[in-house]
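Summary of the model geometry
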Amino acid sequence: MLRTTALAFAATTAFSSYALADNHGGMDIVDTAVANGSFTTLVAAVEAAGLVDTLKGEGPFTVFAPTDEAFAALPEGTVEALLQDIPTLTGILTYHVVPGAVMAGDLTEGMTAATVNGQELTFTLDGGAQVNGVNIVMTDIEASNGVIHVIDAVLMPE
């Protein structure tokens, strides 16, 4: 259950290297990620899993988007293996998506949110915003059909 608070994450906006394209043109989540250039692995995985049309859909969606560096930090061969195992890849990708638009100000300590794959994410705020122990390095990048939060590791479902 999402609870609204007045919490802002001003410090996370300092990570301007992840700044996404200006969305005044109404770009959806996929187009926003493509325009940035720091999410080529994520976009390739979304394409391989056949999720492009879904993430271009009406939404709204909240996507916790791992950077290319986050995917590169996985053990060698992991990304390649996942691209060959579409059901597992789909499960991982849908674990990064929450239905609805969850803004940084909506997060509270210990809050949980159900993902599209049916499992839950848990948020902590003490010491910096995290989702399942992964740092949220930039928040509230609005797209025409939802919001993107940049994370520095790939979330793995149980």
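Residues numbered from 1 in each chain as written. Predicted model: local features only at pLDDT ≥ 70, side-chain atom pairs only at ≥ 80, totals over all residues. Heavy atoms only, no water.

Examining helix α1 (residues 29-36)
The cut-off we apply is this: When accessible area is computed with a 1.4 Å probe and restricted to protein chains, residues below 20% of their type maximum are described as buried, those above 50% as exposed, and intermediate ones as partly exposed. Secondary structure follows DSSP: runs of H or I at least 4 residues long count as helices, runs of E at least 2 residues long count as strands, and numbering of each begins at the N terminus. This arc corresponds to the set of directions leading from the helix axis out to the C-beta atoms. Here a residue-residue contact requires only that any non-hydrogen atoms of the pair lie within 4.5 Å. Nitrogen and oxygen atoms within 3.5 Å of one another constitute a polar contact, given that in protein one can donate a hydrogen and the other can accept it, and given that sequence-neighbouring residues count only through two side-chain atoms.
Residues of α1 that are buried include every one of Ile29, Val30, Thr32, Ala33 and Asn36, and no others. Down the axis of α1, the sector holding all buried residues measures 165°, keeping them to one side. Buried residues in α1 make contact with α2 (40-48), α3 (52-55), β1 (61-66), β6 (134-143) and β7 (146-151). At the N-terminal end of α1, a side-chain oxygen is found 3.0 Å from the backbone nitrogen of Val30, two or three residues along, and the residue is Asp28. Once α1 ends, the next one or two residues include Gly37, with phi positive near 90°.

Focus: the sheet that holds strand β2 (residues 97-99)
Quick note on the threshold: Between any two strands, at least two bridges found by DSSP are needed for them to pair.
Reading across the sheet, the seven strands line up as β2-β1-β7-β6-β5-β4-β3 and stay open at both edges, with mixed pairing between neighbours. Across the chains shown, the open sheet's two edge strands, defined by having one partner strand only, are β2 and β3 (112-114). Two elements, β3 and strand β4 (residues 120-124), share three bridges in a ladder whose sense is antiparallel. When the bridges of β4 are listed, Thr112 appears paired with Thr122.

Re the packing of α2 against helix α6 (residues 86-94)
Filter applied, for reference: To get an axis, fit a line to the C-alpha atoms, keeping to the stretch in contact for a helix; angles then go from 0 to 180 degrees between the N-to-C directions. By the definition adopted for this analysis, an angle is roughly parallel if under 35 degrees, roughly antiparallel if over 145, roughly perpendicular if from 65 to 115, and oblique otherwise. Left-handed is the label given to a crossing in which the near helix is rotated counterclockwise from the far helix by less than a right angle, and right-handed is the label when the rotation is clockwise. Charged residues are taken to be Asp, Glu, Lys and Arg, nonpolar residues to be Ala, Val, Leu, Ile, Met, Phe, Trp, Tyr, Cys and Pro, and polar residues to be all remaining types, Gly included.
With their axes 9 Å apart at the nearest point, α2 and α6 run at an angle of 125° to one another. Between α2 and α6, the angle falls in the class oblique. Considering only the axes of α2 and α6, their crossing is left-handed. Judged by residue contacts, Leu42, Ala45, Val46 and Ala48 of α2 engage Ile86, Leu89 and Leu93 from α6. For the contact of α2 with α6, the class distribution of residues is seven nonpolar, no polar and no charged.

Considering the packing of aromatic side chains
Condition: Aromatic rings from Phe, Tyr and Trp, with only the six-membered ring used for Trp, were paired whenever their centres fell within 6.5 Å, and each pair was classed as stacked if the ring planes differed by under 30 degrees, edge-to-face if by over 60, and tilted otherwise.
Tallied over the full model, the rule gives one aromatic pair. Residues Phe64 and Phe123 carry aromatic rings whose centres are separated by 5.6 Å and whose planes lie at 45° to one another, so their mutual orientation is tilted. A residue pair is termed long-range when its members are at least 10 positions apart, and Phe64 in strand β1 and Phe123 in strand β4 qualify at 59 residues. Across the pair, Phe123 and Phe64 agree in class, each one buried.

Here's the deal with the confidence of the model for the protein chain
This is how the line gets drawn: As a per-residue measure, pLDDT reflects the predictor's confidence and takes values from 0 up to 100.
Per-residue confidence for the protein chain gives a mean pLDDT of 86, with 84% of residues at or over 70. The low-confidence segment residues 1-24 (pLDDT under 50) makes 54 contacts with residues lying over four places distant or belonging to another chain.

As for the side chain of His96
Structurally, the position occupied by His96 is in the loop between α6 and β2. Within the structure, His96 has its side chain in polar contact with the backbone oxygen of Ile92 (distance 2.7 Å). Of the polar contacts made by the side chain of His96, one reaches the backbone nitrogen of Leu155; its length is 2.9 Å. Sequence-distant contacts of His96, defined by excluding residues within four places in its chain, comprise Thr62, Val63, Phe64, Pro66, Ile151, Val154 and Leu155.

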